[in-house]
Amino acid sequence: TEAAAERPLTPAQEPALHSLIAALCQAMGVCPPRRLLLTAEVDNRFAVRTRTLRLGLPLMTALTRDQYLASLAHVLGHQVSGLDRLGGALLNACLAQLERLGQAASRGLLARVARGWARLLFASGQRLTHTASQRREARADHYQILLGGSAAFRTTARQTRLAQQAWREARRRSLTAP
């Protein structure tokens, strides 16, 4: 199972890693993660709700220390602007509520008004969330480049893609093996 492919990394087990991530978060102005998990997935991921940083073991082995640190800066860089995340979450909640309202009143004026508002919000929301996503990605790239440099950014991106492809192929083969 997926949960079996995750192992917690406590400060007692990896004090240097926890200190490094805490220092990185402080320098970037983001709250440090509450929990670190070592995972069998390739990529590093940050779960905002639980403040859990999932560290991909395959990526850890595919990159140099500096490249890996820069990739952590990229993941944490997505957390710098909480306002962008909040805007997208609120918009999605409003759209879901309007959709439920439109489904509950499948006929009549209320349904037409709800569907009209949902379409309008969806069109404007796509534009707003797309712009916010681009800003978050640019900010994350900025932190990755600041830490690793532009040459390392390209190399890290290439090695990350190769590790992802290799990992997908290995998983595909293991699932199709007799």
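Keep in mind the model is a prediction, meaning the values are calculated, not measured.

Draft legend 1. Fine view of the overall build of the chain. Check the secondary structure of the chain and you find 6 helices and 4 strands. Listing every helix and strand of the chain by position from the N terminus yields β-α-β-β-β-α-α-α-α-α. Intrachain contacts of the chain at a sequence separation of at least 6 include 54% that bridge at least 24 residues.

Draft legend 2. View of the packing of helix α1 (residues 15–28) against helix α3 (residues 65–77). Where α1 meets α3, the closest approach of the two axes is 11 Å, and the angle between their N-to-C directions is 50°. Classified by the interaxial angle, the pair formed by α1 and α3 is oblique. Helix-helix and strand crossings are classified by hand; for α1 and α3 the assignment is right-handed. Judged by residue contacts, Leu20, Ile21, Leu24, Cys25 and Met28 of α1 engage Arg65, Leu69, Leu72, Ala73, Leu76 and Gly77 from α3. Partitioned by chemical class, the residues of the contact of α1 with α3 number 9 nonpolar, 1 polar and 1 charged.

Draft legend 3. Highlighting the nonpolar core. Counting 22 residues, the largest nonpolar core has Leu53 and Leu55 as the members making the most contacts within it. Only α1, β4 (52–56) and α3 provide two or more residues apiece to this core. Here this core takes 6 residues from α3, the largest share from any one element. Once residues lying within four places of it in the same chain are set aside, the contact partners of Leu53 are Ile21, Pro33, Arg35, Leu36, Leu37, Arg45, Phe46, Leu72 and Val75.

Draft legend 4. A look at the sheet that holds strand β3 (residues 45–47). With respect to topology, 4 strands assemble into an open sheet ordered β1-β2-β4-β3, the strand pairing being mixed. At either margin of the open sheet sits one strand with a lone partner, and together these are β1 (6–8) and β3. Averaged over all neighbouring strand pairs, the angle between strand axes comes to 25°, with direction disregarded. Here β3 pairs with β4 via 3 bridges, running antiparallel. Bridging across to β4, Phe46 finds its partner in Leu53.

Draft legend 5. Here's a closer look at α3. With 13 residues, α3 ought to run about 18 Å at 1.5 Å a step, and its terminal C-alpha atoms sit 18 Å apart, in line with that. With respect to burial, α3 is a largely interior element, 11 of its 13 residues being buried. Buried residues of α3: Gln67, Tyr68, Leu69, Ala70, Ser71, Leu72, Ala73, His74, Val75, Leu76 and Gly77, and no others.

Draft legend 6. Focus on the pairing of β4. In terms of burial, β4 is a largely internal element, 4 of the 5 residues being buried. One ladder, built from 5 bridges, connects strand β2 (residues 35–39) with β4; its direction is parallel. Bridge assignment links Leu37 to a residue of β4, and that residue is Arg54.

Draft legend 7. How the structure looks around the pattern of salt bridges. For the structure on display, the rule yields 5 salt bridges. A salt bridge links Asp43 to Arg45; the shortest N-O distance between them is 3.7 Å. Across the pair Asp66 and Arg65 runs a salt bridge whose closest N-O atoms are separated by 3.8 Å. Here Asp66 matches Arg65 in class, with each residue exposed. Look at the salt bridges and you will find they share partners, linking Glu169, Arg172 and Arg173 into a network.

Draft legend 8. Local environment of the side chain of Thr39. Take Thr39: it is sitting in strand β2. In contact with Thr39, other than residues within four places in its own chain, are Ala5, Glu6, Arg54, Leu55, Gly56, Leu57 and Pro58.

Rules used in this analysis
Residues numbered from 1 in each chain as written. Predicted model: local features only at pLDDT ≥ 70, side-chain atom pairs only at ≥ 80, totals over all residues. Heavy atoms only, no water. Helix = DSSP H or I, 4+ residues; strand = E, 2+ residues; numbered from the N terminus. Contact = heavy atoms within 4.5 Å. Axes fitted to C-alpha atoms, helices over the stretch in contact; angles between N-to-C directions. Parallel < 35°, antiparallel > 145°, perpendicular 65-115°, else oblique. Left-handed = near helix turned anticlockwise from the far one by under 90°. Nonpolar A, V, L, I, M, F, W, Y, C, P; charged D, E, K, R; others polar. Core = buried A, V, L, I, M, F, W, Y, C linked by side-chain atoms within 4.5 Å. Buried < 20%, exposed > 50% of the residue type's maximum accessible area, 1.4 Å probe, protein only. Pairing = 2+ DSSP bridges. Expected span 1.5 Å × (residues − 1). Salt bridge = Lys/Arg side-chain N within 4 Å of Asp/Glu carboxyl O.

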